Amino acid sequence: MRKPAWLAEVIVQSIAVTVSILLALWVDQWKQRRAARELATESMSNFVTEIRQNEARVDDILLYHEGLRSILQQAEKSHAIRTQAEFQSSIGIDGLRPPFLLQTAWQTATLTGALTHLDYETVRVLSLTYTLQDRFREDSRAGFQSIMQTSNFKPGDADLAVRSADNYLREVVTSENDLHATYEQAEQVLSSKLTAMGVAQKTDSAHTPPPPQPTPGQ
Amino acid sequence: MRSWKNVSGRAREVIAQRCGTLVRLLLCCACLLSVPVSHSDAQSGGSGARQAVAIVVNPHSTVSNLSFEELRRIFLGQQQFWADRSKITLLVRAPVAPERAVVLDQIYRMDEDQFRQYWIGKMFRAEIAGGPKIVYSSDMAMNLVGAIPGSIAFVLASAVTPNTKVLRIDGKLPSDAGYPLK
């Protein structure tokens, strides 16, 4: 029995429609993958920039906190600070504050869903880094508030305040060193992933020392 | 005593002129006495002479002399590292202090609001990691300068202690004539 002519036309058109739909779906998936890859790349670049800035802020304040600690230790030995006014004049309270650390890259990545497009190791490293940062901020805030309590200043005696500030700064300096090491590790991981993805990275010249000048005769 | 009515017209004119002169003289004196004392005089207790401000650095610093422009670059945060690549930690006296007034006037050429906005802008543009560190007394400034490698601060020249390293600015010490920070 001969097949009717319309059957061939229906088969051809069905195949054409199916192929078109599959092609459109493939193109749409390709566009979504590309957008996700761009979002992930941009997010990782933001993380690298922010981590470098936070590292620079920690480095900037670390020497100052270590200097304040040495003054506090001398004051503790000599009992030179006796009143709140002398404490303010010798140490100041503002200098004891921890550095202000950014977390806008993490918040932005969370809100835009960029984290879902990053690989497991990258998210793990970032999560660890920002968790440590949050813990540093919380611990510093609690310790800072305890320094200037009225009970630390007795008439003619501020030894308790000096000791409290020294203990606080000891913890802060230790945490700042830990944060610095964490930032270095996170930056290495992220930079190597960006390099593997073929993304050029900007060097942060504002926070790095200039290259050594060649000596005459070299 | 002669009454005003008995005084001749010419005499009245002379008396009126001399009274007018006297009144004008008194008014001029009153104006001169009401001129406000200048800011720097107020800062120095009205003595009329500003005290020199010494620039002090960590004793282990290899820098002994800076040009005024180099000093300005450091204080403006445009230079953040010494030549030996160590970080510069800038220590700035908290308001209100005579040495801070001299530095704001001579080095920064800004008032307090402009100074604050300047550092906020630099932080916002991520040109610096942090602003200058605040010190609350000359003792604190010199203690910190001694403790922090690469640090630089300013104090009144009269407050400098013997074991503090004072920089020459344009080759001059605070006691030299022509020292720029007075």
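Residues numbered from 1 in each chain as written. Chains lettered and ligands numbered in written order. Predicted model: local features only at pLDDT ≥ 70, side-chain atom pairs only at ≥ 80, totals over all residues.

### Notes on the overall build of chain A
Then, number 1: Per the secondary structure count, chain A includes 5 helices and 0 strands.
Then, number 2: Starting at the N terminus, the α and β elements of chain A follow one another as α-α-α-α-α.
Then, number 3: Computed over its C-alpha atoms, the radius of gyration of chain A comes to 29 Å, more than 25% above the 17 Å expected for a compact globule of 218 residues.
Then, number 4: Counting only C-alpha atoms and orienting by the principal axes, one finds that chain A spans roughly 115 × 60 × 20 Å.
Then, number 5: Buried positions account for 28% of the 218 residues belonging to chain A. (Helix = DSSP H or I, 4+ residues; strand = E, 2+ residues; numbered from the N terminus. Rg over C-alpha atoms; globule rule 2.2 N^0.38 Å. Buried ≥ 20, exposed ≤ 12 C-beta atoms within 10 Å, placed from the backbone.)

### Considerations on the sheet that holds strand β3 (residues 89-93) of chain B
Residues and elements named next belong to chain B.
Then, number 1: On the basis of which strands lie adjacent, the open sheet formed by 5 strands has the order β4-β3-β5-β1-β6 and mixed pairing. Sheet topology places β4 (133-135) and β6 (165-166) at the edges, where each strand pairs with a single neighbour.
Then, number 2: Note: strand β1 (residues 53-57) against β6, 2 bridges, orientation antiparallel. Among the inter-strand pairings, Val57 is bridged to a residue of β6, identified as Lys165. (Pairing = 2+ DSSP bridges.)

### Section: the interface of chain B and chain A
How big an interface is tends to be stated in terms of the accessible area lost upon association of its parts.
Then, number 1: Across the contact, 21 residues belong to chain B and 23 residues belong to chain A.
Then, number 2: Examining the composition of the side of chain B that touches chain A, we find that 5 residues originate from one element, helix α6 (residues 138-147) of chain B, more than from any other.
Then, number 3: Considered class by class, the residues forming the side of chain B that touches chain A number 12 nonpolar, 4 polar and 5 charged. (Contact = placed C-beta atoms within 7 Å. Nonpolar A, V, L, I, M, F, W, Y, C, P; charged D, E, K, R; others polar.)

### So, the packing of helix α1 (residues 5-78) of chain A against α6 of chain B
Then, number 1: Contact geometry for α1 of chain A and α6 of chain B: axes closest at 9 Å, N-to-C directions at 115°. In terms of crossing hand, the pair formed by α1 of chain A and α6 of chain B is right-handed. Across the interface between the two elements, Gly67, Ser70 and Ile71 of chain A from α1 of chain A touch Asn143, Leu144 and Ala147 of chain B from α6 of chain B.
Then, number 2: Residues of the contact of α1 of chain A with α6 of chain B, tallied by class, amount to 3 nonpolar, 3 polar and no charged. (Axes fitted to C-alpha atoms, helices over the stretch in contact; angles between N-to-C directions. Left-handed = near helix turned anticlockwise from the far one by under 90°.)

### Considerations on the confidence of the model for chain B
All names here are of chain B.
Then, number 1: For chain B, per-residue confidence averages 83 on the pLDDT scale, and residues scoring 70 or more make up 75% of the total.
Then, number 2: The model gives residues 30-48 a pLDDT under 50, and that stretch makes 14 contacts with residues more than four places away or in other chains.
Then, number 3: The ipTM assigned to the predicted complex is 0.78, against a pTM of 0.77. (pLDDT = per-residue confidence, 0-100.)

### Focus: helix α3 (residues 104-112) of chain A
Residue and element names in this part refer to chain A.
Then, number 1: Inspection of α3 places Ala105, Trp106 and Ala109 among the buried residues, and these make up the whole buried set. One side of α3 carries all its buried residues, which in axial view fall inside an arc of 100°. Among the exposed residues of α3, those pointing more than 90 degrees away from its buried face are Thr104, Gln107 and Leu111.
Then, number 2: Buried residues belonging to α3 abut α1 and α4 (120-147).
Then, number 3: Count one or two residues on from α3 and you reach Gly113, which has phi positive near 80°. (Arc of directions from axis to C-beta.)

### Re the pairing of β3 of chain B
Residues and elements named next belong to chain B.
Then, number 1: Among the 5 residues of β3, 4 are classified as buried, and the element is accordingly described as predominantly covered.
Then, number 2: Both β3 and strand β5 (residues 151-156) contribute to a ladder of 2 bridges, which runs parallel. Looking at β5, one finds that Leu90 is bridged to Ile152.
Then, number 3: Summarising the sheet, β3 and β4 pair through 3 bridges and their orientation is parallel. Bridge pairing in β4 places Leu91 opposite Lys133.

### Details of the environment of Leu179 of chain A
All names here are of chain A.
Then, number 1: Structurally, Leu179 is set in helix α5 (residues 159-196).
Then, number 2: Separated by 125 residues in sequence, Leu179 and Asn54 place their C-alpha atoms 9.2 Å apart.
Then, number 3: With residues near it in sequence (within four places) discarded, Leu179 still touches Val58, Leu132, Gln133 and Phe136.

### What about the pairing of β1 of chain B?
All names here are of chain B.
Then, number 1: Buried residues dominate β1, accounting for 5 of its 5 residues.
Then, number 2: Residues Val53, Ile55 and Val57 of β1 are buried on one face, and the alternating residues Ala54 and Val56, pointing to the opposite face, are buried as well.
Then, number 3: The pairing of β1 with β5 spans 5 bridges and is classified as antiparallel. Within β5, the position partnered with Ala54 by the bridge is Val155.

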